[in-house]
Amino acid sequence: MKFSFVVFAFTMVNAPIVQAADVNVYSYRQPELIKPLTDEFTAQTGINVNVAYLQKGMVERMKAEGRRSPADVVLTVDISRLSAVVNEGLTQPVESAILSQNVPELYLDPNGHWYGLTTRARIVYASKDRVSDGEVTTYEDLADPKWQGRICTRSGTNAYNVALTSAVIHHHGEEGAKTWLQGVKDNLARKPQGNDRAQVKAIWAGECDISIGNTYYMGAMLSDAEQKEWAESVKILFPTFENGGTHINISGVAMAKHAPNPETALAFMEFLTSAKAQEIYAEANHEYPVAPGSQASALVQTWGDFDPDQVNLMELAKLRGLALRLTETVDFDG
Ligand code: FE
């Protein structure tokens, strides 16, 4: 692990005894998303938040640190990463009336090891010119030969796509999912490559008509001078499963197993789930806040409404291995 990624500001000497403990956060999320939140928390409580921004290796690092880990709280995205820290035994269960009031059951670990903060939907970006509004209604439809040579996507082994494939397994079983993967592969305009935004660029460039991507990238592209044009060439369509809703994933928070400051950690977690904090967060990340009474940003609301699929993400996390195997069986990226 390179320390250049790490921004720690410990105040260890000469701290007045009355000073509340800090809270130390390990984050896979970027500073521009987290800073407005930590500033607000510190303003409300006087508790300092020290954030280590990591790009990778959180699990390895926490394992190596063991009981001496300074981490109180872990912030990350995607059920695969959340379940990885939990499965490695690096978190502790948290019970709190405020947390369970603020986070709907669908977006928390039934055992209390993590709580969701915001959701993102995995949707279809469609060319404004070449795809009409009702043309994509379901995920199943993406395997229909009418899309032959018209779909772009990133690698099937990327965590976002693995979670989507896990949802396909949940709804249609192993064989159904394999058939779906093969069908989508057969419809690809090019081999999977690049990230979600690169697919929208390919639509803009005329290489394909639809792509699979996360909702918040629309917000990210619109705020980028070069990518704005790509974003403006597409619209968001919210597919559902034939027997379910729109596939979502989450950003979430967990308390570290060896948190040195469990009280301030809990206070920070409770703050993060409050409607006010969620709206600050959702404004910065273009995601959907989960707290009752909270609203998505004005921009995000213009994309339209959707019904999230009603499967607890821990169910999908269990199907991850199988989803990866099926992706490799059909040689999705090949
Ligand atoms: Fe992303």
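Position numbers for residues count from 1 along each chain, tracking the sequence in the order it is written. Residue-level local features of this predicted model are given only where pLDDT is at least 70; pairs of side-chain atoms are given and counted only at 80 or more, and the full residue set underlies all totals for whole chains, interfaces and linings. Think of the side-chain values as coming from all heavy atoms in the structure, minus any hydrogens and water.

Trainee: Any details on the overall build of the protein chain? Residues and values, ideally.
Mentor: Counting from the N terminus, the helices are DSSP H or I runs at least four residues long and the strands are E runs at least two residues long. The number of helices and strands found in the protein chain is 13 helices and ten strands. The globule rule used here is 2.2 Å times the number of residues to the 0.38 power, and the radius of gyration it is set against is calculated over C-alpha atoms. Here the protein chain has a C-alpha radius of gyration of 20 Å; the compact-globule value for 334 residues is 20 Å, and the two agree. Taking the principal axes of the C-alpha coordinates as reference, the protein chain spans close to 70 × 40 × 40 Å. Residue exposure ignores everything except the shown protein chains as possible cover, and the areas themselves are Shrake-Rupley values with a 1.4 Å probe. On the protein chain, roughly 14,600 Å² of surface is accessible, and the fraction owed to carbon and sulfur atoms is 50%.

Trainee: Let's hear about the environment of Trp230: which residues, and what values?
Mentor: On the secondary structure map, Trp230 appears in helix α8 (residues 228–232). By relative accessible area, Trp230 is classed as buried at 7%. Taking the C-alpha atoms as reference points, Trp230 and Asp22, 208 residues apart in sequence, are found 43 Å from one another. Apart from the residues within four sequence positions on either side, Trp230 is in contact with Arg197, Val200, Lys201, Trp204 and Met221. With a 1.4 Å probe rolled over the protein chains alone, any residue whose accessible area is under 20% of its type maximum counts as buried; one over 50% counts as exposed, and the rest are partly exposed. In what follows, a contact means two residues having at least one pair of non-hydrogen atoms within 4.5 Å.

Trainee: Requested: an account of the domain arrangement of the protein chain, with residues and values cited.
Mentor: Interfaces are often sized by the amount of accessible area the parts lose when they come together. Assigned domains of the protein chain: these are domain 1 (23–117 + 249–301) and domain 2 (120–247 + 308–329). Domain boundaries shown here were taken from an automatic or database domain assignment. Relative placement of domain 1 and domain 2: their C-alpha centres are 27 Å apart. Counting residues at the interface gives 21 residues for domain 1 and 22 residues for domain 2. Once two parts are brought into contact, the accessible area they lose, counted with a 1.4 Å probe and summed over both, makes up the buried area. Summed over both partners, the interface of domain 1 with domain 2 comes to about 1,700 Å²; 63% of that surface belongs to carbon and sulfur atoms. Any carboxyl oxygen of Asp or Glu within 4 Å of a side-chain nitrogen of Lys or Arg constitutes a salt bridge here. In this structure, the connection of domain 1 to domain 2 is made through one salt bridge. For Arg120, the salt bridge goes to Glu287, with nearest N and O atoms at 2.8 Å.

Trainee: Which residues make up helix α13 (residues 320–329), and what are the values?
Mentor: For α13, the complete set of buried residues consists of Leu322, Ala323, Leu326 and Thr327. Angular distribution of buried residues about the axis of α13 spans 140°; they occupy a single face of the element. Facing away from the buried side of α13 by more than 90 degrees, the exposed set consists of Arg325, Glu328 and Thr329. Downstream of α13 by one or two residues, Asp331 has phi in the positive range, about 55°. What the arc measures is the spread of directions leading from the helix axis to the C-beta atoms.

Trainee: Can you explain the packing of helix α9 (residues 262–273) against helix α10 (residues 275–285)? Please cite residues and give values.
Mentor: Angular values range over 0 to 180 degrees, each being the angle between N-to-C directions of two axes fitted as lines to C-alpha atoms, with helices fitted over their stretch in contact. Where α9 meets α10, the closest approach of the two axes is 5 Å, and the angle between their N-to-C directions is 70°. By the angle class used here, α9 and α10 are roughly perpendicular. Counting all contacts with α9, which are made through Phe271, Leu272 and Thr273, the residues of α10 involved are Ala275, Ala277 and Gln278. Classes in brief: Ala, Val, Leu, Ile, Met, Phe, Trp, Tyr, Cys and Pro nonpolar; Asp, Glu, Lys and Arg charged; the others, Gly included, polar. By residue class, the composition of the contact of α9 with α10 is four nonpolar, two polar and no charged. Our angle categories are set so that under 35 degrees counts as roughly parallel, over 145 as roughly antiparallel, 65 to 115 as roughly perpendicular, and the remainder as oblique.

Trainee: I'd like a rundown of the coordination of the iron ion, residues and numbers included.
Mentor: A donor here means any N, O or S atom no more than 2.8 Å from the metal (3.2 Å for Na, K and Ca); water is not included, so a site may seem to lack partners. Those protein atoms acting as donors to the iron ion are Tyr160 (OH), Tyr216 (OH) and Tyr217 (OH), and they sit at 1.9 to 2.0 Å. Summarised as a motif, the one-chain spacing of the donors to the iron ion is Y-x55-Y-Y. The pair formed by Tyr216 and Tyr217 is uniform in burial state, with each residue classed as buried.

Trainee: Before we move on, can you summarise the packing of aromatic side chains with the specific residues and values?
Mentor: Here a Phe, Tyr or Trp ring, Trp counted by its six-membered ring, pairs with any other such ring whose centre lies within 6.5 Å, and the pair is stacked when the planes are under 30 degrees apart, edge-to-face when over 60, and tilted otherwise. Inspection of the entire model under this criterion finds seven aromatic pairs. Where Phe41 meets Phe271, the ring centres are 5.3 Å apart and the plane angle is 50°; that geometry is what we call tilted. Of this pair, Phe41 sits in helix α1 (residues 31–45) while Phe271 sits in helix α9, placing them 230 residues apart in sequence. For the pair Tyr139 and Phe241, a centre-to-centre distance of 4.6 Å together with 35° between the ring planes defines the contact as tilted. Separated by 102 residues along the polypeptide, Tyr139 in the loop between β5 (115–127) and β6 (151–152) and Phe241 in the loop between β8 (234–237) and β9 (248–256) bring together distant segments of the chain. Pair check on accessibility: Tyr139 and Phe241 agree, each one buried. Members of the aromatic cluster, connected to one another through ring pairs, are Phe41, Phe268 and Phe271.

Trainee: Residues and numbers for the nonpolar core, please.
Mentor: By convention a nonpolar core is built from buried Ala, Val, Leu, Ile, Met, Phe, Trp, Tyr and Cys residues, the set being connected through side-chain atoms within 4.5 Å. Among the nonpolar cores identified, the biggest contains 92 residues, and Trp114, Tyr125, Leu142, Ile210 and Phe268 are the most heavily contacted of them. Ranked by the residues each element gives to this core, the list is headed by helix α5 (residues 159–187), at ten residues. Looking at which domains feed residues into this core, each of domain 1 (23–117 + 249–301) and domain 2 (120–247 + 308–329) supplies at least three. Residues in contact with Ile210, not counting those within four places in the same chain, are Val124, Tyr125, Ala126, Val131, Val136, Leu142, Trp147, Arg150, Ile151, Cys152 and Ile203. Listed in part, the eleven residues of the second largest apolar core include Tyr26, Met58, Val74 and Leu90.

Trainee: Please set out the state of the cysteines residue by residue, giving values where relevant.
Mentor: As used here, a disulfide is simply a covalent bond connecting the sulfur atoms of two cysteines. The criterion for a disulfide is a pair of cysteine sulfur atoms lying within 2.5 Å. Inspection of every chain in the model, using the stated rule, returns one disulfide. Between the sulfur atoms of Cys152 and its disulfide partner Cys208 the distance amounts to 2.1 Å. The sign of the S-S torsion, about -105°, decides the handedness of the disulfide formed by Cys152 and Cys208: left-handed. Of this pair, Cys152 sits in strand β6 while Cys208 sits in the loop between α6 (196–204) and β7 (210–214); the two residues are 56 residues apart in sequence, bridging distant segments of the chain. Assessed through its relative accessible area of 0%, Cys152 is described here as buried.

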